[in-house]
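A structural walkthrough
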Amino acid sequence: MMARQYMTLGYYSGFDDFFKAKLEVMDFEQNHVWGDTKQIRALVQEQKLKDENDLEGLAELLRDEGLLHLTGHLISGLTMDLALRHLKSIELPLREDEKRFATAWTTIHKLPATRSGKLKRQVKLPIGTYQEGAEVHQILLDLKPSFPLFDIDLALEEGVNKMLLIRREDNLAETSDSNPRQSA
């Protein structure tokens with residue numbers, strides 16, 4: 001049985017409550033996935049990693065172990081935390097199939113709007129023309145037909161980055177479920 005694979009993992013390097021160095025790899029739900037300070041320092045000692053913050057080297061190692069998908073990302077824990085805190089701006093490295101959605105999402109968030117989320121002037125977008133006073137929230141909801149593979153409601157409720165992270169893991173799970181191992 002192969003261990004679970006991930007599309008995005010966070011590498012956390014910091015200190016525990018007793019100010020001892022703490023290094024580990026976690027998923028976006030803050031679950032420990034791999035490694036600890038001792039293990040990572042041993043890899044540096046064996047020169048399998050350049051140093052404790054060698055994200056690229058660690059990502060390769062996790063891919064070799066099958067924990068991180070071949071096209072998956074290992075990002076710093078700081079980036080992961082920032083992404084989960086920012087509900088509107090996309091903080092994650094984008095995958096190819098996410099770029100069009102990200103462009104639309106970001107463009108709508110850059111429209112001139114009041115603090116209460118209403119347009120200050122009429123705007124013409126590929127999904128339609130919106131009059132002054134239209135709600136930005138509604139424009140985002142109107143993205144649904146153009147991007148049926150993205151959970152717009154989840155993005156609005158829990159943040160766009162969390163939606164992207166969940167979508168990546170769900171897509172990976174679906175791909176691995178649809179390719180069961182050949183039974184002899």
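Residues numbered from 1 in each chain as written. Predicted model: local features only at pLDDT ≥ 70, side-chain atom pairs only at ≥ 80, totals over all residues. Heavy atoms only, no water.

1. Here we look at the overall build of the protein chain
Helix and strand counts for the protein chain stand at 7 helices and 6 strands. From first element to last, N terminus to C terminus, the protein chain shows the α and β order β-β-β-α-α-β-α-α-β-β-α-α-α. Its C-alpha radius of gyration of 20 Å places the protein chain more than 25% over the 16 Å reference for a compact globule of 184 residues. Dimensions along the principal axes, computed over C-alpha positions, put the protein chain at roughly 60 × 50 × 25 Å. (Helix = DSSP H or I, 4+ residues; strand = E, 2+ residues; numbered from the N terminus. Rg over C-alpha atoms; globule rule 2.2 N^0.38 Å.)

2. Looking at the pairing of strand β1 (residues 6-15)
Most of β1 sits out of view: 7 of its 10 residues are buried. Sheet topology note: the β1/strand β4 (residues 68-76) ladder contains 5 bridges and is parallel. Across the sheet, the residue bridging to T8 is H73, located in β4. Bridge count between β1 and strand β2 (residues 21-26): 6 bridges; the pairing is antiparallel. Bridge pairing in β2 links G14 to K22. Between the end of β1 and the start of β2, which pair antiparallel, lie 5 residues, with F19 showing a positive phi angle near 60°. (Buried < 20%, exposed > 50% of the residue type's maximum accessible area, 1.4 Å probe, protein only. Pairing = 2+ DSSP bridges.)

3. Describing the pattern of salt bridges
One pass over the structure, following the stated rule, counts 12 salt bridges. One salt bridge in this structure joins K22 and E24, with 3.5 Å as the shortest N-O distance. For K22, a relative accessible area of 40% corresponds to the partly exposed category. A residue is classified by how much of its surface remains accessible, and E24, at 11% relative accessible area, is buried. Here R167 ties to E98 by a salt bridge, and the two come within 4.0 Å at their closest N and O atoms. Placement of the pair is R167 in helix α7 (residues 160-178) and E98 in the loop between α3 (77-85) and α4 (99-109), with a sequence separation of 69 residues. Taking relative accessible area as the criterion, R167 reaches 10% and is therefore assigned buried. (Salt bridge = Lys/Arg side-chain N within 4 Å of Asp/Glu carboxyl O.)

4. Structural notes on the packing of aromatic side chains
Going through the model one piece at a time under the given rule, you end up with 4 aromatic pairs. Taking 4.5 Å as the distance between ring centres and 5° as the angle between the ring planes, the aromatic pair formed by F101 and F150 counts as stacked. With a gap of 49 residues between them, F101 in helix α4 and F150 in the loop between α5 (136-141) and α6 (152-158) connect regions that are remote in the sequence. Feature note: the residues F101, W105, F147 and F150 constitute an aromatic cluster, connected by ring pairs. It is R167 that lies over the ring of F150; its NZ or CZ is 3.9 Å from the centre. (Phe/Tyr/Trp six-rings, centres within 6.5 Å; stacked < 30°, edge-to-face > 60°. Lys NZ or Arg CZ within 6 Å of the ring centre and 35° of its normal.)

5. As for helix α2 (residues 55-64)
Taken as a whole, α2 has its buried residues at G57, L58, A59, L61, L62 and R63. The inward-facing, buried residues of α2 contact β1, β2, β3 (32-34), α1 (37-45) and β4. (Contact = heavy atoms within 4.5 Å.)

6. Some words on the sheet that holds β4
Here 4 strands make up an open sheet; going across it, the order is β3-β2-β1-β4 and the pairing mixed. Looking along the sheet, the strands with just one partner apiece sit at the ends: β3 and β4. Shown here is a sheet whose adjacent strand axes are inclined to one another by a mean of 40°, direction ignored. With 2 bridges connecting them, β2 and β3 associate as antiparallel partners. Note on β3: the bridge partner recorded for M26 is H32. Against the sheet, α2 touches β1, β2, β3 and β4, its axis set at about 145° to β4. Docked against the sheet, α3 engages β1, β2 and β4, running at close to 110° with respect to β1. (Axes fitted to C-alpha atoms, helices over the stretch in contact; angles between N-to-C directions.)

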